[in-house]
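As a plain string of letters, each chain reads:
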Amino acid sequence: MPTPPVSAIILAGGAGRRMGGQDKGLIMLAGRPLVAHVVQRIAPQVAEILISANRHLGDYQALGYPVLCDASPDLQGPLAGLLSGLRAAQHEWLLSVPCDTPLLPVNLVTELLQPLLAEEADITVAQAGDRRHHVVMLCRRDLAADLQTSLSAGVRAVHAWQAQHRTLAVTFPDAAAFANLNQPDDLARLR
């Protein structure tokens, strides 16, 4: 059976509070913004890339991919960006990744997609070591209406929404591949 095409949403719409309010996707690493590193990692794995951003839209648009803003102006978290991606995606499956994970596995989509299809699950989530990376997920596009209902009901935690669906954790051997840069110290260590 041929592998179905996958869309991707890079979540770059947060306030960056732990980074002093900086737009994390635009923080420079090795001469390029973090979001560009994420694009480089996932572009060979997907048929479509979308970027969720709420600030510095021109900088994100310069990467050459559609940029989506949250429907609500009050920054409802990663689920709001995911909802924008589910609504805009051209393909049945949507990969979600944060903009501050520049070392994502080059086989991320394949590893998340195989069990999703085999088990007829709704969502697969990356796990490495003893940590589940809830925002690194693959899910069905037709969950958009359900996610809208959950957001309207006040659900903000990604894991809480995932718990309402048939969600499988997929274990990856390299925990460093999911290192995300939430604080200045994280960035200094990666450099």
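In this numbering scheme, every chain counts its residues from 1 along its sequence in written order. Under the rules for a predicted model, residues below a pLDDT of 70 receive no local features and side-chain atom pairs below 80 are neither given nor counted, while totals for whole chains, interfaces and linings still include all residues. Heavy atoms from the whole structure form the basis of all side-chain values; hydrogens and water molecules are not counted.

### Structural notes on the overall build of the protein chain
Broken down by element type, the protein chain carries seven helices and nine strands. Only protein chains enter the accessibility calculation, which uses a 1.4 Å probe. A residue is then buried if its area is under 20% of the maximum for its type, exposed if over 50%, and partly exposed in between. Counting every position in the protein chain, which comprises 191 residues, the buried fraction comes to 49%. Between two residues, a contact is recorded if the distance between any of their heavy atoms is within 4.5 Å. The contacts of the protein chain with a sequence gap of at least 6 include a subset with a gap of at least 24, amounting to 71%. Accessible area of the protein chain: about 8,900 Å², with a carbon and sulfur share of 51%. Here a helix means four or more residues in a row that DSSP labels H or I, a strand means two or more in a row labelled E, and each is numbered from the N terminus. Per-residue and other accessible areas were derived by the Shrake-Rupley procedure at a 1.4 Å probe size, with only the shown protein chains allowed to occlude residues.

### What to know about the nonpolar core
Counting residues in hydrophobic clusters, the biggest one holds 33 residues, and the most contacted among them are I10, L95, V97, L108 and F178. Counting only elements with at least two residues in this core, the list comes to β1 (6–12), α1 (34–42), β4 (48–53), β6 (93–98), α4 (108–118), β7 (123–128), β8 (131–140) and β9 (167–172). Sort the elements by how many residues they give to this core and α4 lands first, with five residues. Every residue in contact with F178, bar those within four places of it in the chain, is listed here: T101, L104, P105, L108, A126, A128, H133, V136 and F172. L11, L68, A89 and V158 belong to the second-largest nonpolar core, a separate cluster that totals 21 residues. We call a set of buried residues a nonpolar core when its members are Ala, Val, Leu, Ile, Met, Phe, Trp, Tyr or Cys and they connect through side-chain atoms within 4.5 Å of each other.

### Quick notes on α4
Taken as a whole, α4 has its buried residues at L108, V109, L112, L113 and L116. Across the axial projection of α4, the buried residues extend over an arc of 95°, all falling on one side. Elements that come into contact with the buried residues of α4 comprise β1, β6, β7, β8 and β9. Positive phi appears at E120, one or two residues downstream of α4, with a value of about 50°. The directions considered for the arc are those from the helix axis to the C-beta atoms.

### Things to note about the sheet that holds β6
What links the strands of a sheet is backbone hydrogen bonding, and the strands pair in either a parallel or an antiparallel sense. Read across the open sheet, the seven strands follow the order β5-β4-β1-β6-β8-β7-β9; overall the sheet is mixed. Looking at strand neighbours, the two that pair on one side only are β5 (67–68) and β9, the edges of this open sheet. Relative to β8, β6 is paired through four bridges, and the arrangement is antiparallel. Residue pairing across strands places L95 opposite L138, the latter belonging to β8. The angle between two axes is taken between their N-to-C directions and runs from 0 to 180 degrees, where each axis is a line fitted to C-alpha atoms and a helix contributes only its stretch in contact. Across the face of the sheet, helix α3 (residues 78–88) comes into contact with β1, β4, β5, β6 and β8 while running at roughly 150° to β1. Should DSSP find at least two bridges between two strands, the strands are taken to pair.

### Quick word on unusual backbone geometry
Phi at A30 is positive, roughly 55°, even though this residue is not glycine. One non-glycine residue, E120, lies in positive phi territory at about 50°. Tracing the sequence through the fold places E120 in the loop between α4 and β7. The class of E120 is exposed, set by a relative accessible area of 68%.

### With respect to the pattern of salt bridges
Salt bridges, as used here, are contacts in which a Lys or Arg side-chain nitrogen is within 4 Å of a carboxyl oxygen on Asp or Glu. Overall, the coordinates contain four salt bridges when judged by the stated rule. Note that R140 and D142 form a salt bridge whose closest N and O atoms lie 2.7 Å from each other. Within this structure, D122, R140 and D142 form a network of salt bridges that share partners.

### Quick look at helix α5 (residues 144–152)
Looking at α5, one finds that the buried residues are A144, L147, S150 and L151. Taken end-on, α5 shows its buried residues confined to a sector of 120°, consistent with a single buried face. More than 90 degrees from the buried face of α5, the exposed residues found are A145, T149 and S152. Buried-residue contacts for α5 involve α3 and α6 (158–162). G154, located one to two residues past α5, shows a positive phi value of around 100°.

### Here's the deal with the packing of aromatic side chains
The relative placement of two aromatic rings is captured by the distance of their centres and the angle of their planes. Classification of ring pairs uses Phe, Tyr and Trp, with its six-membered ring standing for Trp, and accepts pairs whose centres are within 6.5 Å; under 30 degrees between planes counts as stacked, over 60 as edge-to-face, and the remaining range as tilted. Under the definition given, this model contains one aromatic pair. Relative to F178, the ring of F172 has its centre 5.2 Å away and its plane inclined at 65°; by these criteria the two rings are edge-to-face.

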